[in-house]
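Understanding the architecture of this molecule
The residues making up each chain are set out below.
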Amino acid sequence: MRDLVQTIATCFEQVALFFPGGDPKAQASFERRAVYLDSRTYSRELLADTLQEYHLNLGSNSETLKMIEELRNKETLAVITGQQAGILTGPLYTLYKAMTTILLAKEQREKLGRPVVPVFWIAGEDHDWQEIRETYLLNSRGNIVPCLIPGDGGGKSIGHQKVPAWETIEVQLLDMPESEFRSSVIKKCRQITEQAENLTHWFALTLQWLVQKWGLIFFDPMIPQFKQLASPMYEQILKMHGDVRDALAEGTKKWVSLGFKPQIQPTGGEVNLFLSVPERRAILFREEAFYLRGQKEAWSLDALNELLTRNPENFSPNVVTRPIVQEYLFPTLAYVPGPGELNYWAQLGEVFTKLGFVMPILYPRLSAVVLTVSWQKYLKKQGLTLEDVYSGLQEHRNRCVREQDTLNIEERFQHLRNQIRMSYAELKPLEDIDVNVSEWLERNQAKVKYQLEYLERKIWQAQRKRCKDQLSRLQQLEDGITPNNSRQERVLNPLTFVMRYGHSFVDRVSEIPLGDFGEYPILL
C-alpha cells in the first residue's frame with residue numbers, strides 16, 4: 001500500500017481529487033477555505049455557551065475560556081482533531097495530535113489575521129473498549145509494561161463508562177522510575193482520577209493538564225445541548241442514507257483504483273448512524289425497513305425521526321458521518337488526522353458533496369520519536385541508527401553474542417560435526433554384514449545429530465547469559481523506541497516521559513516545526 005502521508009508531502013497533485021480542501025502545505029488553501037467558511041452560518045452562541053459551561057466544570061484556565069469566547073465571533077475559525085478517550089490520554093500520538101492542532105491554529109491566526117482556535121473532539125460516543133482500555137509505560141528497569149482498566153465495557157459508549165478506582169491505577173504506576181517529578185505527577189493523576197465523572201471526563205482532564213497553557217478547547221459530543229444542535233444533521237443523514245451509502249461506495253472505488261487500501265469497508269445496509277437503546281448499535285436498512293444490528297425489530301423512518309425529536313442523545317454518528325457532524329457544528333478550517341484517518345477521509349469526499357459540504361483541509365499530525373540521552377549514547381556506542389532499530393535488532397544481538405565468544409564455539413562444533421561425519425563414513429563398509437546396517441547407521445547418526453544440536457543450543461544459551469547486560473540494554477532500546485514491535489508514538493503513554501522530565505517534555509513537543517510531515521526526533 002502507498003504511503004499517503006508521503007504522497008501528500010511530496011506530490012499532493014496525485015491525490016488532490018480526494019482532498020478538495022486543498023494542499024495542506026499551501027497557504028492559498030487556507031485562504032480559500034476561510035472564504036468558503038465565511039459563506040456558511042453556525043449556531044455560535046449556543047455552541048459557545050455550552051462549551052463555556054463544560055470548561056468551567058473542567059476547571060479550564062482563562063486562555064481556554066478566551067478561545068471559547070472568540071467562537072461567538074463570526075470571523076473565528078477552528079482547527080480540529082479528535083481521538084478516542086484512551087486511559088491517561090492513550091498513546092503519544094494523542095498528544096502529538098493535540099499539539100499539531102494548537103500549533104496550526106496559532107500559525108493560521110497569524111497568517112490569516114483573524115481568530116483561529118484549536119479544538120479536540122473527544123470520541124466518547126465510541127464503544128470500542130479494546131481500543132481504549134490499555135496503555136503502556138516504561139518501568140524503572142526500562143521495560144514496557146501495560147496499564148489497564150478491568151472489565152469488558154458491556155457495549156456501552158466510553159462516555160457512559162465509570163472511572164476505575166484510583167488504587168487500580170496507582171498500583172500500576174508505582175514501578176515507574178524515580179525522578180524529581182514522579183511524586184507530583186502521581187499526585188496529579190490521583191486528583192484527576194478522583195475528580196472525573198466518566199472516562200471521557202477523565203481523558204479531558206488529563207490531556208488538559210498536559211497542554212493547559214495553550215488554550216485547547218475540548219468537545220464532548222455526548223453533552224445533551226450538542227446532541228440537540230446536531231439533530232438536524234442526523235435527520236438529514238437518515239433521510240439520505242441511501243445516497244450517502246452510494247457516495248461512499250463511489251469514493252472508495254476511486255480511492256482503491258489509485259492503489260490505496262480502504263480503511264472503511266461497509267458490510268452492507270449501513271445507515272451510518274448508531275442508536276443507543278441502551279446498548280449502542282448500528283442502524284441498518286434492508287427490505288424497506290430500518291433495523292438495529294443484531295435485532296429483528298423493524299423501525300420506520302417516522303419512528304426514528306420521532307425518537308430523534310424526543311431523545312437526540314440516543315443518536316450518534318459513525319466513522320463516515322462524524323466528520324459531517326463536525327463540519328455542521330464548527331467552522332472547520334482544517335482537521336488534523338493520523339495516517340489511518342487520512343485514508344478513510346479520502347473515501348469521504350463524495351459523502352461531503354452529497355450532504356452539501358466541502359471537506360476541510362486535512363493536515364497530517366506531527367510524527368515524532370523520543371530519544372533519551374541514554375538511548376542516544378547507546379545507539380552511538382553500538383553504531384546503530386534508528387532504521388536499524390526499526391528493522392529489528394535480532395541480528396545485532398546475535399553478532400554481540402558471537403563477538404564475545406572467546407572460545408570459538410561455532411568452530412569447535414563445526415569441527416565436531418566434521419569428525420562425526422567422517423567417523424560414520426568409516427563405518428559404511430559394515431553395511432555388508434547385514435541388510436539392516438545401513439538403516440541402523442542412519443538412525444543412530446540422526447540421534448547423534450539431534451543430541452549435538454541440543455548441546456549446541458544449550459552452550460549458546462549459556463553464552464547469551466554471559467552477555468545478559470548488553471542484551472538487556474538492547475531490549476531496553478527496543479522497548480523504548482519500538483515497543484511491542486511498533487512505532488513508539490502508537491504504544492507508549494506520554495506519562496512515560498512526563499514522569500521523568502515533567503512538563504518540559506510537553507514543551508519539547510511544542511517546539512516541533514510544522515510543515516515537515518516526516519518523523520521528528522525529540523532529543524531529551
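Calculation criteria
Residues numbered from 1 in each chain as written. Predicted model: local features only at pLDDT ≥ 70, side-chain atom pairs only at ≥ 80, totals over all residues. Heavy atoms only, no water. Helix = DSSP H or I, 4+ residues; strand = E, 2+ residues; numbered from the N terminus. Buried < 20%, exposed > 50% of the residue type's maximum accessible area, 1.4 Å probe, protein only. Contact = heavy atoms within 4.5 Å. Areas by Shrake-Rupley, 256 points an atom, 1.4 Å probe, with all protein chains shown as cover. Lys, Arg positive; Asp, Glu negative; His and termini not counted. Charge placed at Lys NZ, Arg CZ, Asp CG, Glu CD. Axes fitted to C-alpha atoms, helices over the stretch in contact; angles between N-to-C directions. Parallel < 35°, antiparallel > 145°, perpendicular 65-115°, else oblique. Nonpolar A, V, L, I, M, F, W, Y, C, P; charged D, E, K, R; others polar. Core = buried A, V, L, I, M, F, W, Y, C linked by side-chain atoms within 4.5 Å.

What to know about the overall build of the protein
Within the protein one finds 23 helices and 13 strands. The C-alpha extent of the protein, read off along each of the three principal axes, is 100 × 60 × 50 Å. Out of the 524 residues in the protein, the part that is buried amounts to 52%. Intrachain contacts of the protein at a sequence separation of at least 6 include 76% that bridge at least 24 residues. For the protein, the accessible surface area stands at approximately 24400 Å², while carbon and sulfur atoms represent 50% of it. Charge centroids of the protein, computed over 62 positive and 66 negative side chains, lie 3 Å from each other.

As for the packing of helix α3 (residues 44-58) against helix α4 (residues 62-70)
When two helices pack together, their arrangement is captured by the angle between the axes and the distance separating the axes. The N-to-C vectors of α3 and α4 enclose an angle of 170°; their axes lie 9 Å apart at closest approach. Relative to α4, α3 is oriented roughly antiparallel. Side by side, α3 and α4 meet where Ala 48, Leu 51, Gln 52, His 55 and Leu 56 of the first sit next to Thr 64, Leu 65, Ile 68 and Glu 69 of the second. Its residues assigned to classes, the contact of α3 with α4 shows 5 nonpolar, 3 polar and 1 charged.

Re the packing of helix α10 (residues 224-239) against helix α12 (residues 301-310)
Contact geometry for α10 and α12: axes closest at 10 Å, N-to-C directions at 170°. Taken as axis vectors, α10 and α12 run roughly antiparallel relative to one another. When α10 is examined against α12, the residues Ser 231, Tyr 234, Glu 235 and Leu 238 are found in contact with a partner set consisting of Leu 301, Leu 304, Asn 305 and Leu 308. Class assignment for the residues of the contact of α10 with α12 results in 5 nonpolar, 2 polar and 1 charged.

Let's talk about the nonpolar core
Within the largest apolar cluster, 162 residues are counted, with the highest numbers of intra-cluster contacts made by Phe 19, Trp 202, Phe 330 and Phe 505. Beyond its immediate sequence surroundings of up to four residues, Phe 330 is in contact with Tyr 42, Leu 47, Leu 51, Leu 71, Ala 78, Ile 80, Val 119, Trp 121 and Phe 219.

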